[in-house]
Amino acid sequence: MAHIIDGKAYATRLREEIGRQVRKLREHDLVTPGLAVILVGEDPASQIYVRNKANQAREAEMASFEYRLAYGVPQAQLLELIERLNQDPAVHGILVQLPLPPQVDAERVINAIRPDKDIDGFHPINVGKLGTGGQGIVPCTPLGCLMLLKHHLGDMSGLHALVLGRSNIVGKPMANLLLNEHCTVTIAHSRSRDLQAECRRADILVAAVGRARLVPGHWLKPGATVIDVGINRIEEDDQARLVGDVDFASASTVAGAITPVPGGVGPMTIACLLLNTLEATCRQHGIAFPAGIMQSAWGNDACLD
Ligand code: GUN
């Protein structure tokens, strides 16, 4: 049976360590990191995400600012709010929950966020820095996946990594992160010819396509490390269930290690949002980012750098 990578436990430790660092900053009268989250409309899933983000920011003793705008809000009003937050010294990170309603141009909105406050890492400046191996802000979900992989595998040089999915939020940044770790990277997507053959070659599989149980165990290379980003709601045996993009039951008999859904990647995403907010705060104030933060969160067995 595969080792189960407990993202929930890792995320808890990381959040606690972030909380300790935030307290340290305050005790030295330096600064309180501030996170502003903007939600447009009333999509139930987005409401839950935004509430969780704000609650966890407060638990880590950050300042949390929430803005809820009506579904029909004019784009200009949203851009005005972003500009105000760009200028506000109490706000170090700005997140606009996606998706946005049709009257709003998401690209325009993302481009309006100051790159050093773009804790989602979606601004073209941050995307470009990731692509060139620079020190930008990295999107939270792929960053969380990378931490779990590094913790489990250590050095990933030369390993074959397959990223299933090519979204701007997960697939593309994930591929760049793995490339920076010296993996041989393949990106597969809905038009790829032979997914099974691609999976079979992969020492590392990151699945982020949003298709329930797309990958069965027999597609995997025995011993592979599987990171399942999918969160798919299905009805089964008259019950609502959350399942990943990988069929956990069969995959866990073939893989060497696998993240569960729920309790794998999901909790890491918010922990990384807080980490990005802390890092953005430090950069904006010229404070050295606590380099050992990941090692402290992971304990002495850490292989993160
Ligand atoms: N919607 C789904 N995932 C994300 C994310 O990582 N950031 C934002 N801003 N919106 C999302």
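Bear in mind the structure is a predicted one, so any value in this text is a computation, not a measurement.

Student: What should I look at first to understand the side chain of Asn-232 in this one?
Tutor: Examined against the element boundaries, Asn-232 turns out to sit in strand 9 (residues 232–236). Judged by its relative accessible area of 9%, Asn-232 is buried. Only 3.1 Å separates the side chain of Asn-232 from the backbone oxygen of Gly-244, close enough to count as a polar contact. Only 2.9 Å separates the side chain of Asn-232 from the side chain of Asp-245, close enough to count as a polar contact. Apart from the residues lying within four places of it in its own chain, the contact partners of Asn-232 are Gly-210, Arg-211, Ala-212, Arg-241, Leu-242, Val-243, Gly-244 and Asp-245.

Student: In this structure, what is going on with the pairing of strand 9? I would like to understand it.
Tutor: In regular strands, side chains alternate between the two faces of the sheet. Inspection of the sheet shows strand 9 paired to strand 10 (residues 239–243) by five bridges, in the antiparallel sense. Across the sheet, residue Arg-233 finds its bridge partner in strand 10, namely Leu-242.

Student: Just to check I follow, could you spell out the environment of Gln-103 for this structure?
Tutor: The topology assignment puts Gln-103 in the loop between strand 4 (93–96) and helix 4 (106–112). On the basis of relative accessible area, Gln-103 is assigned to the partly exposed category, the value being 34%. Setting aside residues no more than four positions away along its own chain, Gln-103 makes contact with Tyr-71, Gly-72, Val-73 and Gln-75. One polar contact links the side chain of Gln-103 to the main-chain carbonyl oxygen of Tyr-71, over a distance of 2.8 Å.

Student: Even after reading the chapter, I still don't get the pattern of salt bridges, so can you show me in this structure?
Tutor: Opposite charge on two side chains makes pairing possible when the charged atoms of those side chains draw close. Scanning the model with the defined rule gives 13 salt bridges in all. Measuring nitrogen to oxygen at the nearest pair gives 2.7 Å for the salt bridge that ties Arg-213 to Glu-236. Of this pair, Arg-213 sits in the loop between strand 7 (204–207) and strand 8 (225–228) while Glu-236 sits in strand 9, and the two are 23 residues apart along the sequence. A relative accessible area of 22% places Glu-236 in the partly exposed class. Each of Arg-213, Glu-236, Arg-241 and Asp-247 takes part in a single network of salt bridges with overlapping partners.

Student: How do you make sense of the layout of surface pockets when you look at a structure like this?
Tutor: The rolling of a water-molecule-sized probe over the atoms marks out the regions of remaining empty space. Of the volumes computed, that of the largest pocket is approximately 1,200 Å³. Along the walls of the largest pocket sit 47 residues, with Tyr-49, Gln-97, Thr-141, Ile-231 and Thr-269 positioned nearest its centre. Contributing elements (two or more residues each) for the lining of the largest pocket: helix 1 (7–27), helix 2 (44–59), strand 4, helix 6 (140–153), strand 9 and helix 10 (265–284). If one sorts the elements of the lining of the largest pocket by residue count, helix 2 sits on top with seven residues. Considered class by class, the residues forming the lining of the largest pocket number 25 nonpolar, 14 polar and eight charged.

Student: What should I look at first to understand the site of the ligand in this one?
Tutor: The environment of the ligand is made up of Leu-95, Val-96, Gln-97, Leu-98, Asp-120, Phe-122 and Ile-169. The backbone of Val-96 places a nitrogen or oxygen atom 2.8 Å from a nitrogen atom of the ligand. Out of a free accessible area of 270 Å², the ligand has 80% covered by protein chains. Put simply, the ligand lies in the largest pocket. By residue class, the composition of the shell around the ligand is five nonpolar, one polar and one charged.

Student: Would you mind showing me how to read empty space enclosed by the protein here?
Tutor: One pass over the structure, following the stated rule, counts two cavities of 30 Å³ or more. In this structure, the largest cavity encloses a volume near 60 Å³. Counting residues per element, the ones that place at least two in the lining of the largest cavity are strand 4 and helix 4. Broken down by class, the residue content of the lining of the largest cavity amounts to eight nonpolar, no polar and two charged. When its volume is computed, the second largest cavity comes out at roughly 40 Å³. Those elements that provide at least two residues to the lining of the second largest cavity are strand 5 (160–164) and helix 8 (195–201). With three residues, the single largest contributor to the lining of the second largest cavity is strand 5. When grouped by side-chain class, the residues that make up the lining of the second largest cavity number three nonpolar, two polar and two charged.

Student: Honestly, the confidence of the model for the protein in this entry has me stumped. Any pointers?
Tutor: Do not read the predicted coordinates in detail wherever pLDDT is low. Here the protein shows a mean pLDDT of 95. Residues at 70 or above account for 96%. By mean pLDDT, the top-scoring element of the protein is strand 7 (99), and the lowest-scoring one is helix 11 (residues 293–298) (63). A low-confidence stretch, residues 300–305 (pLDDT under 50), is modelled with 12 contacts involving residues beyond four sequence positions or located in other chains.

Cut-offs used in this document
- Residues numbered from 1 in each chain as written.
- Predicted model: local features only at pLDDT ≥ 70, side-chain atom pairs only at ≥ 80, totals over all residues.
- Heavy atoms only, no water.
- Helix = DSSP H or I, 4+ residues; strand = E, 2+ residues; numbered from the N terminus.
- Buried < 20%, exposed > 50% of the residue type's maximum accessible area, 1.4 Å probe, protein only.
- Polar contact = N/O pair within 3.5 Å; in protein donor to acceptor, adjacent residues only side chain to side chain.
- Contact = heavy atoms within 4.5 Å.
- Pairing = 2+ DSSP bridges.
- Salt bridge = Lys/Arg side-chain N within 4 Å of Asp/Glu carboxyl O.
- 1 Å grid on protein atoms, 1.4 Å probe; cavity = no way out; pocket = protein on both sides within 12 Å on 5 of 7 lines; lining within 4 Å.
- Points joined across faces, edges and corners; volume = space filled by probe spheres on them.
- Nonpolar A, V, L, I, M, F, W, Y, C, P; charged D, E, K, R; others polar.
- Near = heavy atom within 4 Å.
- Areas by Shrake-Rupley, 256 points an atom, 1.4 Å probe, with all protein chains shown as cover.
- Sits in = over half its atoms within 2 Å of the grid points.
- pLDDT = per-residue confidence, 0-100.

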